[in-house]
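Structural overview
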Amino acid sequence: MRRGAPSGRTGRVGRAGGGRRLWSRDFALFFVARAVARTGDGMLPVALSAGLLAHGFGAGGIGLAMASFSVCFVGFVVFGGVLSDRWGARRLMVLADLVRVVTQGTAAVLFLTGNVVLWQICLIGAVNGIAAGAFQPGVASVVPRVARDVQGANGVLRTAEALAMLVGPAAAGLLVAVFSAAGVFAAHAGTYAVGALLLGLVRLPGARRRDGDGAPGYLTDLAEGWREFRARTWMWSVILLWMALMVVMWGPQTPLTAAEIISDHGAREFGIVSSALGGGTALGGLVAIRIRPRFPLRAGTFALFGAGAFSAAVGMALPVPALAAGAAVSGAAMGFWGVMWMTSVQTQVPRPVLGRIHAYEVAGSVAMMPVGQALAGPAAQVFGARPLLLFGGAATLVVGLALLALRPVRNLTARRRLSTEGSAEVAGP
């Protein structure tokens, strides 16, 4: 396999590394577990919204329920990184899935009996957020241990997750119509049960626990993870720029585009455009399986220039076909960037600290999303929704140029495999 482009070139199309190298038994189990669970995650917003609306709770109740998840996820994911590195990623992921089997099963019972109280639903959301925070850091450390072709693995996972997020809402709509929201929550609990079972069958080479005598304390682990995160300029600089983009583009995009498209064209057309966004994300993942750039973040940044196409298209009030095209371009850009980014994190960071560093970068990436969402409405009232969307689209260009201007980002050289050194070294060009 040709790992990358010749020196001085951004990238080239190469072989994906071969199905035999990618589709090992353990990666296949992990892949199916993630695909099933992500399909269930795609079902949740539909079930939650339909269920709460049916019991007299409006948009405010839905927002509180979703916010309870987001806040607890962001607040716990860093600690989840410590636990993942300390206890073992697979063990913690299985436990997190089992917890969510219980919570979603409880939600199904509440909606089935009609005994729905908002604070109980918010509590379930909070527990789910903590469980997700415990689960997520393990994803980064498991992938390079079950697949020799790390970039190919991330590409197929990204594609499958995008497709799952298309299938999930459609399946949820059908289940709500036939069985009510309770049926969707029961199915969602089932997806976590399947995920826990499949993850339990995965064998991770070199898995070990760090508990016991002589192991550092939790706060020491947390501080070590922060030091290792700060030591990588290419990582924290991307996260800082991403936080700004969350406020000005990604956060406002969902509520503002939904409001503009539905009011101008209708809910059916918004569904079509949303499907184009998911389809584009899947396409970006497929492309990332084949293209093996020598400088992955540089290639990902060039793709990122297209990420604002959806916001810009809505901001310019283009017709539905053009909106769908813009959404597809944005999705493809983010799908490709996501694979380049995750592969870089998983191959540049040594295994002993990978869970913690991934947790810090996830927390930084997600933390500002609620801020952007909360500011979208008031800012739209002052400046107008379309100018804000155009500004957000332009902001992606500024962020892309800033990333290319950072030498540690643009010159980060691809690695094939996960680094296994006991102590991390600063990854550089």
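Below is a short write-up of the structure. Everything numeric here is computed off the predicted structure, so don't read it as measured data. (Residues numbered from 1 in each chain as written. Predicted model: local features only at pLDDT ≥ 70, side-chain atom pairs only at ≥ 80, totals over all residues. Heavy atoms only, no water.)

1. Focus: the overall build of the protein
Scanning the protein from terminus to terminus reveals 17 helices and zero strands. In the protein, buried positions account for 52% of the 429 residues. For the protein, long-range pairs separated by at least 24 residues make up 86% of all intrachain contacts whose partners lie at least 6 apart in sequence. Of the roughly 17700 Å² of accessible surface on the protein, a fraction of 67% belongs to carbon and sulfur atoms. (Helix = DSSP H or I, 4+ residues; strand = E, 2+ residues; numbered from the N terminus. Buried < 20%, exposed > 50% of the residue type's maximum accessible area, 1.4 Å probe, protein only. Contact = heavy atoms within 4.5 Å. Areas by Shrake-Rupley, 256 points an atom, 1.4 Å probe, with all protein chains shown as cover.)

2. Considerations on the nonpolar core
By size, the foremost hydrophobic cluster in this structure holds 39 residues, and its most contacted members are W234, M235, W242, W250, W337 and W341. Elements with a minimum of two residues in this core: α3 (59–87), α5 (118–146), α8 (218–230), α9 (233–264), α11 (296–304), α13 (320–348), α14 (351–367) and α16 (385–405). With nine residues, α9 is the single largest residue contributor to this core. Among residues more than four places away in sequence, those in contact with W250 are W242, L245, A307, M334 and M369. Core analysis: the next-biggest nonpolar cluster, separate from the first, contains 31 residues, A89, A131, A153 and L198 among them. (Core = buried A, V, L, I, M, F, W, Y, C linked by side-chain atoms within 4.5 Å.)

3. What about the packing of aromatic side chains?
Summed over the entire model, instances satisfying the criterion amount to 13 aromatic pairs. Ring centres of W23 and F31 lie 5.0 Å apart, and the angle between their planes is 85°; this geometry places the pair in the edge-to-face category. Seen in terms of ring centroids, W226 and F229 are 5.6 Å apart; in terms of plane orientation they differ by 25°. Their pairing is stacked. Note that W226 and F229 are positioned in helix α8 at a spacing of three residues, about one turn of the helix. Ring pairs connect the aromatic residues W234, W242, W337 and W341, which therefore count as one cluster. (Phe/Tyr/Trp six-rings, centres within 6.5 Å; stacked < 30°, edge-to-face > 60°.)

None of the figures reported here should be taken as evidence of function without further support.
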